[in-house]
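Working through the structure, step by step
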Amino acid sequence: MELRQELIEGRAELPRVGAVVPARGVHPPYIVVNAYDDEIEAATAYLRDLALNDCSPLTVRSYGYGLLRWFRLLWLLGVAWEKATEAEVAVLAGWLRTASNPQRRRTQPGGHVPGSVNLRTGKPTLRAGYAPRTINHALSVVSGFYGFHAYQGNGPVVNPVPISPQRRHALAHRSPLEPRAVVGRARLRQKVSDRPPRSIPDRLWDELFDRMGCERDRALLECYVSSGARAVELLGVGVNDIDWAGQRIYVISKGTREREAVPASPQAFVRLARYLDEAGTPSRGESVW
């Protein structure tokens with residue numbers, strides 16, 4: 001009991017044992033191994049199901065790390081995954097609420113303190129711990145893991161991650177045209193506020209372009225912001241993917257993996273034309289950037 005309380009209060013750390021490693025096959029593309037490099041078959045079965053349901057490899061990898069965190073907790077507590085209850089899930093939620101996130105330690109010396117607000121841009125700096133959305137994602141990973149094994153007839157009879165019957169009932173038959181109903185959160189789920197779209201003042205936007213050293217960067221940023229395309233989608237754009245007359249750019253969508261057109265601003269095409277005049281038009285099939 002003392003160890004569980006220390007984890008909830010953030011005074012104890014999870015053992016950094018095990019890993020998420022690439023698999024030899026495609027389904028799944030990643031597996032979870034323990035401290036002895038032995039594959040965790042229960043995790044592999046769930047990750048394989050995700051891959052077969054057309055989840056991207058990056059999604060499978062993300063869920064793999066969520067499962068690794070969960071198994072690290074169970075190993076520390078000496079609980080088999082089939083015997084886990086809501087008590088262990090509560091320890092996970094408590095630890096995530098209080099533990100220090102290693103990703104926040106990469107701030108450069110003299111940078112903004114985690115949790116503070118940049119007075120110049122108004123953008124908040126991520127706090128030192130895990131964000132509420134990260135905690136909810138961790139709970140969703142564990143819930144999906146046990147939901148899959150319950151369907152297969154394995155694991156505990158009841159999913160150890162609490163659910164909200166009110167939310168499940170509200171979303172069961174909701175039309176996408178209807179407004180989203182306001183329902184209560186399930187136990188252990190964190191409160192998440194609506195995030196407004198990120199923006200910077202116009203003067204900082206102009207200053208950013210003035211400080212850029214080449215037309216390529218100006219064109220790339222203008223296309224990126226005005227089109228709303230993901231970075232990985234935009235970097236794959238070739239000459240034949242640019243519709244100058246329609247002011248559209250064709251990208252391979254990360255979600256559908258199909259070639260789709262996204263509009264961009266007139267200024268983006270002006271800067272793109274300047275960049276190509278300066279650098280030359282690349283060969284067909286090569287990336288514009």
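Now for a look at the structure at hand. (Residues numbered from 1 in each chain as written. Predicted model: local features only at pLDDT ≥ 70, side-chain atom pairs only at ≥ 80, totals over all residues. Heavy atoms only, no water.)

This part is about the overall build of the protein chain. When helices and strands are tallied, the protein chain shows 10 helices and 5 strands. Looking at the protein chain as a whole, 35% of its 289 residues are labelled buried. Residue pairs at least 24 apart in sequence account for 55% of intrachain contacts in the protein chain once pairs closer than 6 positions are excluded. Entry remark: accessible area of the protein chain is about 18100 Å², with carbon and sulfur atoms responsible for 51%. (Helix = DSSP H or I, 4+ residues; strand = E, 2+ residues; numbered from the N terminus. Buried < 20%, exposed > 50% of the residue type's maximum accessible area, 1.4 Å probe, protein only. Contact = heavy atoms within 4.5 Å. Areas by Shrake-Rupley, 256 points an atom, 1.4 Å probe, with all protein chains shown as cover.)

Applying the stated criterion across every chain, the model contains 11 salt bridges. Note that Asp243 and Arg248 form a salt bridge whose closest N and O atoms lie 3.2 Å from each other. Owing to a relative accessible area of 19%, Asp243 belongs among the buried residues under this scheme. Using a relative accessible area of 32% as the deciding quantity, one classes Arg248 as partly exposed. (Salt bridge = Lys/Arg side-chain N within 4 Å of Asp/Glu carboxyl O.)

This part covers the nonpolar core. Judged by nonpolar contacts, the single largest core of 41 residues is most densely connected at Leu7, Trp70, Leu73, Phe145 and Tyr146. It is helix H3 (residues 57-77) that contributes the most residues to this core, 9 residues altogether. Residues Val251, Val262, Ala268 and Phe269 belong to the second largest nonpolar core, which totals 18 residues. (Core = buried A, V, L, I, M, F, W, Y, C linked by side-chain atoms within 4.5 Å.)

Taken in spatial order, the 3 strands of this open sheet run E3-E4-E5, and their pairing is antiparallel. Among the strands making up the open sheet, the edge pair consists of strand E3 (242-243) and strand E5 (259-263). Two elements, strand E4 (residues 248-252) and E5, share 5 bridges in a ladder whose sense is antiparallel. Counted as the bridge partner of Ile252 is Arg259 from E5. (Pairing = 2+ DSSP bridges.)

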